[in-house]
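Residue-level structural notes
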Protein chains: 4
Amino acid sequence: MVGGGTGAFIGAVHRTAATLDGEATFVAGCLSSTPERALASGRTIGLAEDRNYPTWQAMVAAEKALPAGQRIDAVCIVTPNHLHNPVAVAFVEAGFHVICDKPLTRTVAEAQELAAAVRRAKTVFAVTYNYTGYPLVRAMGEMVRSGKIGAVRKVFVEYHQGWLATDLASTGQKQAAWRGDPAIAGAGALGDIGSHAENLLRTVTGLSIESLCADVGTIVPGRRVDDDAAVLMKLSGGARAVLTCSQVCIGEENGLSIRVYGERGSLRWRQEDPNALTFTALDAAPQIITRGGVGSGDVARAATRLPPGHPEGFYEAFANVYRGAFAAIRGESGAVYPGIEDGVHGVHFIEKCLASKGAWVKV
Amino acid sequence: MVGGGTGAFIGAVHRTAATLDGEATFVAGCLSSTPERALASGRTIGLAEDRNYPTWQAMVAAEKALPAGQRIDAVCIVTPNHLHNPVAVAFVEAGFHVICDKPLTRTVAEAQELAAAVRRAKTVFAVTYNYTGYPLVRAMGEMVRSGKIGAVRKVFVEYHQGWLATDLASTGQKQAAWRGDPAIAGAGALGDIGSHAENLLRTVTGLSIESLCADVGTIVPGRRVDDDAAVLMKLSGGARAVLTCSQVCIGEENGLSIRVYGERGSLRWRQEDPNALTFTALDAAPQIITRGGVGSGDVARAATRLPPGHPEGFYEAFANVYRGAFAAIRGESGAVYPGIEDGVHGVHFIEKCLASKGAWVKV
Amino acid sequence: MVGGGTGAFIGAVHRTAATLDGEATFVAGCLSSTPERALASGRTIGLAEDRNYPTWQAMVAAEKALPAGQRIDAVCIVTPNHLHNPVAVAFVEAGFHVICDKPLTRTVAEAQELAAAVRRAKTVFAVTYNYTGYPLVRAMGEMVRSGKIGAVRKVFVEYHQGWLATDLASTGQKQAAWRGDPAIAGAGALGDIGSHAENLLRTVTGLSIESLCADVGTIVPGRRVDDDAAVLMKLSGGARAVLTCSQVCIGEENGLSIRVYGERGSLRWRQEDPNALTFTALDAAPQIITRGGVGSGDVARAATRLPPGHPEGFYEAFANVYRGAFAAIRGESGAVYPGIEDGVHGVHFIEKCLASKGAWVKV
Amino acid sequence: MVGGGTGAFIGAVHRTAATLDGEATFVAGCLSSTPERALASGRTIGLAEDRNYPTWQAMVAAEKALPAGQRIDAVCIVTPNHLHNPVAVAFVEAGFHVICDKPLTRTVAEAQELAAAVRRAKTVFAVTYNYTGYPLVRAMGEMVRSGKIGAVRKVFVEYHQGWLATDLASTGQKQAAWRGDPAIAGAGALGDIGSHAENLLRTVTGLSIESLCADVGTIVPGRRVDDDAAVLMKLSGGARAVLTCSQVCIGEENGLSIRVYGERGSLRWRQEDPNALTFTALDAAPQIITRGGVGSGDVARAATRLPPGHPEGFYEAFANVYRGAFAAIRGESGAVYPGIEDGVHGVHFIEKCLASKGAWVKV
């Protein structure tokens, strides 16, 4: 693991998710951006001294030098966004599989450089669009593909939070601070949550975004990145979509949701209530499909650990991304996980939204 | 009443709503567009023969000729949209108070002509934006005005239905047929439901729409009016808003909702669950405010007929518009109802959305 | 109307419900228990002087003396419970149809006396178990009868309110005062709301209560009637049921609900969300059946005034009881309304619960 | 671990829960009831050959013989119910800490024997009443203790499932088979889920059950244990409670819920929506308290791993029981977990319910 030291929210989530099924162990890492903090964080989580590295450059060199079977199989990159590209490229070029946080990079140029490295190295590269790991998100994708709702006509996807309704970054709160620095984060709400919404839309519908018109703004005075965006989109096949993301919505905790309307039916799902979706066929009563329940399908069942009625949550969805990446690393066919191309799409989306300035642009 | 004959959904609603509180009686009408059907419809609902008119022109002439005290106090106009203007102007100029369905007219020019007539006549003119009659919609307006959520920053308002997911108009279904004829309806989803959403937004926030960018489309093949729209907006005071309306959303029945986010709190309400709203103050737990319950306020209480827990619905909200209009007709101060200016705003909104074609336009 | 004067909640509800469909007009009444207040209340609601009676005895005598066609068709009795029996018997014996509030009487003896009078007079007698007027309650009854859930096995019915969590009666609040006087009300929570729950259970399942074991208590100090009860029941056909009612549940407004589990499916419905029910067939996903929506059936549709998504509420359900009674008065076949036998069952139920004292008793 | 071999649902849950926080490793076990299956299961989950035991007797002997530091710290017992007592007593007497599934034993006599062994050995003994591990369940307990709802008056606790609506045991389904055998399971629904409800009631309210009246039945023909129960209760301090549990409720998945009404407020929570509870203070609007959100309190926060809006579920709650047990094993003060006395109470409750036969019995 690179990044994710003491005090980092997402680093601890990755560690729990990666080990939830007992398929992985954390053996090496460089957990913070200065050698002192990196080493201290590594000790806190119990890394062996000789594989607790002061810098990621030291880590890639040392691990590469270890004999096969002793070195790490894969690295998980959970640094702030600006380091994703250099760290990932280095590990990919050293032949390691990578699980990397989103957004993939700050710019499309960086993303394409990284994608080229992955193509050359032929390694497994997973991007932790963790919300698509929810079993019922996968069920929706399978239902769309199998024609249960007919051709997609209209999609609403939203990701609304309220934790940045005040200028939290200027108080020094760690999560808010780096996310609020354009040099580190690249974008604000668009990168942090909008890219999750975009990936959710693409994963569920299987459609690509052909053009978009984005109204991106900064609502809280003093903030240096965007905290609110509304994006109108035309999708492949002629469908229309509306994506909204905002971090100033007081009362919203982690309000990611999607509604997909097709010619013959519709699907609705909310991340905060992830164990149920609503499916309505034309001229039929709405049905509640639960995770593991009737109608949830084989794809969802394969991503499910507990019987219906026993809530699964964020960790289990996150762990499904790891499970897919591990299956791919083992060379299994049919492994499901968001890959490098999902990451590139996400960075493209962010860049186009920022460039739109309220006008329609091709994607 | 003009319009609203046998088979018309909204005519019967108006009759029930207008008489719910026992403040009005239907004594005269011209209920359909041909003399034969008009007279037949009038007999069905029990109008006296001498006040069951074959044409609205005959009605306005005859009623005007009756002595004060015997003639109607007010007329309620529930014809298809294209007749709102001529009928309303005639009754207004004859000195009658008018309660008219929305959208007010098909064009801004017609709306302004009508508004000028009302100004000259100084009569009461109510537009049945019935959804703003819900007690908790009025409560939201009061909460915004009193500063409970601070300055408004972001608004989401949506009105999604599914009943036009197929080309119902071509089957001859009466409601769908006239709504699908551009010469009669003017606009499609924008006029039928989008204008309700626009009025809800303005009523709750008290803000005006300064500019907008609308993506308006026709999704169902064969339809001659719009059935789907997404509108980005800038409001007075700098707030942003997203309005979506669609009639092709299978599984949605009458999904009008609003979410308002301010500097210090937020409000959420759904028409299909009209007896509760969610209010969240910054750094406080969300509260469920019920109609008539704690925190709903004086304005909502004045529009409430039953104790909390005893559901009120569509009729009661609709009746509140009539109650306000009747109070105004009696000359009471403080009467609350959507007036001619709300109607003009609505027509403006529709016209600007249709003109936008995906670009920003001033309103 | 007898009872229901100024300040009475339920009197005004009856007047709105009875006239909602334009099938009735209030022409005569004795609206309160003293001549002065009765006459004043009658003037307030606009009764003609000569039919605004000082006592119910005067009313029954005078109306009976009027020629057919001029006298009232039916009387609606909304007095406190202790007057139901004498007033109802007098009007029934005078040949008038009666719509009477529940519980029918304070004692089974009174109920049987009244039932005998109705049998002799062959008049229409409706008891306003208004909650069974909800379209989806009727839909549930139809679904059970048609075998959609198979033989009923288990029923949970509950009616929880919080408005009597403090000793409201001793503050003089009018609704609470008479309901808290055992000489007037007979029972407390059992009569006021428990009998609604019992009628809902019987109406939906079509089963009768064969034996019961009731734990009836008074939780709020100073109260003179019961305010909380839990009743275990054995129903005809072997099903078990649990009925709970309580008026001390802070946070509950008017929480009447029913859940019916059969051999092949289940039904769930809540009065506070009356426009939807959940139907789950064995080995199928739960379906949301909305009023007027797919699967709600002919019986519900006949009791429905508005399209799905346009909420109906308490008034409309109440009006359906009147609509059924009026149809019966007109001699129509198939009129649906709770009759005298429902009222007698309700009084039986209350009496048996009070007698049980925690032991099983036959009903 | 003893029990929990291939095909056992709860064994895998225990392994995930125990290791979720990285505080434990599984090093030894006897995972099934015959030596062949035990050894095969142990290999499947990767136990070392020398600590993969054919019988639990062999395991307790061999582990006891290992030097301190090499032997297991604690054993987790997840066998069918009839083996809880002999296995637990043996490990306790050998000085091992125990985490044991519920119900503790089949009979009160066995439970008391085990409790005596624990008292003598002074070891840590946790019973996996896992639902009380939910952060918001702990929050409710804290809110009751701190007086937020005043003295408790009325409690409704229910646990309704539908998976045994047909005679699943006779089809050979593994979970259903042993649960349906009275010699192995002791009780049916009462033991499997009723005891969870009882523990939830006691944990949240802090009150004990003083007397009860239970209607326990077997609804599905052919079943040899109870599958449905309704229990009226008197609690210490005078509160009343109603507990219902049933496994024949088609459409219910894992419907455990609790509602607590006090003199000054109320609390409601549902296991299937575990990240929110509703708190209503007298004369105030209901508040939604989310896990980690405003008002959830310190106790809940200590049991929380993720920010609000990031759903936690069944595993995390289960892991909180382990976390508490591990803290106790390390000798930390303030460790929170259900202990031997909770287990004894549970067995008492089951036995009294079965003995009640519809009459009131002291507990």
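Note that the coordinates shown come from a computational prediction; the quantities given were computed from them, not determined experimentally.

Mapping chain C onto chain A calls for a rotation angle of 180° and an axial translation of 0.0 Å; the resulting RMSD is 0.0 Å. The relationship between the two copies is best expressed as a two-fold rotation axis. Looking at the rotation axis and the C-alpha trace of chain C, the residue lying nearest is Gln287 of chain C, at 2.2 Å. Comparing contact sets, 100% of the residues at the interface of chain C also lie at the interface in chain A, consistent with an isologous, same-surface contact.

We now examine the interface of chain B and chain A. Opposite the 38 residues of chain B that make contact, chain A presents 38 residues. Where chain B abuts chain A, roughly 3100 Å² becomes buried across the two surfaces, and 57% of that area is made up of carbon and sulfur atoms. Its salt-bridge partner being Asp215 of chain B, residue Arg240 of chain A comes within 3.2 Å of it at the nearest N-O pair. Joining chain B to chain A, the criterion identifies 16 residue pairs in polar contact (both at pLDDT 80 or more). Mapped by element, the contributors of at least two residues to the side of chain B that touches chain A are β5 (152–160), β6 (209–217), β7 (228–235), β8 (240–246), β9 (255–262), β10 (265–270) and β11 (276–281) of chain B. Looking at the side of chain B that touches chain A, the element that brings in the most residues is β5 of chain B, giving 5 residues. Split by residue class, the side of chain B that touches chain A holds 16 nonpolar, 10 polar and 12 charged.

This next bit is on the sheet that holds strand β2 (residues 74–78) of chain C. All names here are of chain C. Taken in spatial order, the 4 strands of this open sheet run β1-β2-β3-β4, and their pairing is parallel. The open sheet has two free edges, formed respectively by β1 (2–3) and β4 (125–127), since each of these has just one partner strand. Of the strand pairs in this sheet, strand β3 (residues 97–100) and β4 are connected by 3 bridges, and their pairing is parallel. Its bridge partner being in β4, Cys100 is matched across the sheet by Val127.

This part is about the packing of helix α9 (residues 189–205) of chain B against helix α12 (residues 340–356) of chain B. Residues and elements named next belong to chain B. Their axes nearest at 9 Å, the elements α9 and α12 cross at an angle of 120°. Relative to α12, α9 is oriented oblique. Judged by the twist between their axes, the crossing of α9 over α12 is right-handed. Contacts between α9 and α12 pair Leu190, Gly191, Gly194, Ser195, Glu198, Asn199 and Arg202 from the former with Asp342, His345, Gly346, Phe349, Ile350, Cys353 and Leu354 from the latter. A per-class count over the contact of α9 with α12 returns 5 nonpolar, 6 polar and 3 charged.

What counts, and at which threshold
- Residues numbered from 1 in each chain as written.
- Chains lettered and ligands numbered in written order.
- Predicted model: local features only at pLDDT ≥ 70, side-chain atom pairs only at ≥ 80, totals over all residues.
- Heavy atoms only, no water.
- Least-squares fit on C-alpha atoms with pLDDT ≥ 70 in both.
- Contact = heavy atoms within 4.5 Å.
- Buried area = accessible area lost by both parts, 1.4 Å probe.
- Salt bridge = Lys/Arg side-chain N within 4 Å of Asp/Glu carboxyl O.
- Polar contact = N/O pair within 3.5 Å; in protein donor to acceptor, adjacent residues only side chain to side chain.
- Helix = DSSP H or I, 4+ residues; strand = E, 2+ residues; numbered from the N terminus.
- Nonpolar A, V, L, I, M, F, W, Y, C, P; charged D, E, K, R; others polar.
- Pairing = 2+ DSSP bridges.
- Axes fitted to C-alpha atoms, helices over the stretch in contact; angles between N-to-C directions.
- Parallel < 35°, antiparallel > 145°, perpendicular 65-115°, else oblique.
- Left-handed = near helix turned anticlockwise from the far one by under 90°.

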